[in-house]
Every structure is written in structure tokens, then in C-alpha cells.
Amino acid sequence: MPAHLDPRLLRAFLAVAEELHFTRAAARLYVAQQALSRDVRRLERELGAELFLRTTRQVTLTADGERLVPHAREVLRALDDLRAAFGPARALLVDLNSPGLATGRRVLHRARELAPEHELMARFESGLTGAAVEIVAGRLDASFGRYAGLDPALRARLDHQLVRYEPMAVLLPEGHPLASAAEVPLSALAGERVYAGAGNPRTPEWTDLARLLFEGRGIEIAPPVPLAVGEEEFRRIMAKEPSPILAVVGFPAMPGAVLRPLVDPVPLSPVSLVWRKGLVHPALDVLRRAAVELGFAEGWLEPPVKGWIPAIDMNMASTHKRDITHIGVTAALDSSP
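None of the values given here were measured: they were computed from a predicted structure. (Residues numbered from 1 in each chain as written. Predicted model: local features only at pLDDT ≥ 70, side-chain atom pairs only at ≥ 80, totals over all residues. Heavy atoms only, no water.)

Undergrad: How should I be thinking about empty space enclosed by the protein in this particular structure?
TA: To locate leftover empty space, one rolls a probe as large as a water molecule over the atoms. A complete count under the given rule lists one cavity of 30 Å³ or more for this structure. Approximately 90 Å³ is the volume attributed to the largest cavity. Of all elements in the fold, only β6 (158–173), β12 (266–276) and α11 (311–318) reach the threshold of two or more residues within the lining of the largest cavity. Here the residues of the lining of the largest cavity sort into seven nonpolar, two polar and two charged. (1 Å grid on protein atoms, 1.4 Å probe; cavity = no way out; pocket = protein on both sides within 12 Å on 5 of 7 lines; lining within 4 Å. Points joined across faces, edges and corners; volume = space filled by probe spheres on them. Helix = DSSP H or I, 4+ residues; strand = E, 2+ residues; numbered from the N terminus. Nonpolar A, V, L, I, M, F, W, Y, C, P; charged D, E, K, R; others polar.)

Undergrad: Any chance you could explain helix α5 (residues 102–114) here in plain terms?
TA: Because an α-helix completes one turn every 3.6 residues, residues spaced three or four positions apart along the sequence face the same direction. The end-to-end C-alpha separation of α5 is 18 Å, in line with the 18 Å expected for 13 residues at 1.5 Å each. For α5, the complete set of buried residues consists of Ala102, Thr103, Gly104, Val107, Leu108 and Ala111. Looking at the buried positions of α5, the neighbouring elements they touch are β3 (92–95), β4 (120–123), β5 (142–145), β6, β12 and α10 (282–298). (Expected span 1.5 Å × (residues − 1). Buried < 20%, exposed > 50% of the residue type's maximum accessible area, 1.4 Å probe, protein only. Contact = heavy atoms within 4.5 Å.)

Undergrad: Please explain unusual backbone geometry as it appears in this structure.
TA: Note on backbone geometry: most residues besides glycine have negative phi, and most peptide bonds are trans. In this structure, the amide linkage connecting aspartate 264 to the following residue, proline 265, adopts the cis form with an omega of -5 degrees. Despite not being glycine, leucine 20 shows a phi value in the positive range, around 50 degrees. Mapped onto the elements, leucine 20 comes out in the loop between α1 (7–19) and α2 (22–29). Notably, asparagine 97 is not glycine yet its phi reads approximately 70 degrees, a positive angle. Position of asparagine 97 among the secondary structure elements: in the loop between β3 and α5.

Next comes the structure, spelled out in C-alpha cells:
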């Protein structure tokens, strides 16, 4: 082992290890491909080990490369935490899933009001599973969504704080027989095919929530549609589909469709703030405080008497200890994965 190892070399290695493609890795790091290749070769010389097998068609990790990956991530994560604790804080990258969803956006806006000296940058990854992969890789800091629906391997590397039980709704074409109702009982959807993101690799936690909700009620999950990236493309694709869409009450308006709350019972989507385990950043503390403040003021964690929440989500929520002291509104929270 060299006595001193440049962190830049580890970042170069990790980018290539995750992309398995030098051109994409160079673009991700905003460096020339030749410079990236040079850094990887230098790291191999300093470690005395070949880290990649390179051919004209593919790049693969060697056994030594596989062995280095977790160590490189740990070192770079520690350096990021050190900078956050003792230097001017970098921007906190916060995923809001979609520009139109209300809960994460409101928490972010409140955090900016509480601490304008911190930079909180919005990102849009279209689903918590997709965002969680980016968080674990260090390309994103926090996101919002259904934590219990994540793969256990992802949950093991994340922390979370329950923010809201968000009432769910259904988006109906204007000509649908249920569109004229003010509310839609779940039983009225029996025999319907309802779109819930099936086949979207970024949102399996939402499809799983739909599966649990529809089970035993005669409601089918609509088959996959072409994956749409961005709000405009989503609207265009869904306008071609006759199926109702499972949503939340704060879902943005869509032309030619009406949003109706679901009742009897009122299904609730558990929304958590999720971040990388061990992340230290002053803006994350502010974001957590903003979530507690809004939740306290608006009763976000007070489900209705006839509400429905999946058992797995309730069990995870019960592991949280909350000690909320209302002085302005200050919160100290313990969270467990």
C-alpha cells in the first residue's frame, strides 16, 4: 500500500467500477477519458494490482477490483462527511421524485426558509428505488417515498424518518363512469385495471403498495406501459391509456383527467425522508426539522379512523422513537433502518 493515496484516483476507479464503461465514467466526472484512464492506471501501479479487464467490447472488474470497491466507497464517504463537518457545506442534493408531487417539495421549501444559508438542490429521480440506488452510490443525498417497499439490501444502507401518511387517490379519464363522483370507494374499482407503475424499475415500491391495497378487492394492476421520463412524457403516454391511475391527493392535474380521493377505507401512502446511513450534513438536519414542523402543523402523521396502511409499514413506523418538543418547533429524532 502507498503511504499516501490521492482520493481523486479512488473516485476515478469507483466511477469506472460502477459504469463499467470509461466514456460514461469520464462524462460523469466531467474529465477527459484519457485523464480518467491515466488515473486508473496510476492507481493500479500504486496498489500493485490489476483492477479491470479491458477489451474492445467491455470492461469488467478483476477480483482485486471487486475487493477494492467497498473500501473505496468507505474512504470517499468518510472524506465527504469530514468536509461536511469541518468545511463550507456543499449543496445537499434532494430528490423529489417528480416536480408535481407536493410533500417533498413542501418540506424542501420549508427547509430553505428555515436555513437560507444552506444550499438544497432539487433533483427528480421518478421513484424512491431509483433514488435509493443513487443515494447509496453517493450521487444523491436524500429522497422521499415508501421506505418499507425498498429491497432489504438497500434499506440496510439507508436511514429514514417518517414524514407523512398521504391519502391516496385515483386519476380517472373525464369520460369514466366514476369521474362524476366526489369520492371513489375502493369497492367501486372492482373489475378495473389500475395503472400503478408496473414494470418501472425506479418505482417497484409503489407497485408493491398497489398490490397490497388491491389484494382481495378484485382490482387488477394494469400491465406495463412504455417507460416515460419527465412529467410531459408521462402525461402523453398516460393519455393513450384508458386505465385509471393510482395516485395521491396531491398529484398534479392532467389534461382530460380528474383526480378523486379514495375512501372506504382511506388508503394511505407512507412517505419517509430517506438518506444515506452515516451522512453528516447541516442541511440534512434542517430538512428533518422542516419535515417534523410541517407534520406537526398539518397532522401528517395522524391517520384517519378508517385509514388503511400496510402492516409492514406500520411495523417499521412503530420502531421509531419520536421526541418532539414544540418550542417554535424543534425536533430530536432517532431513526432506525
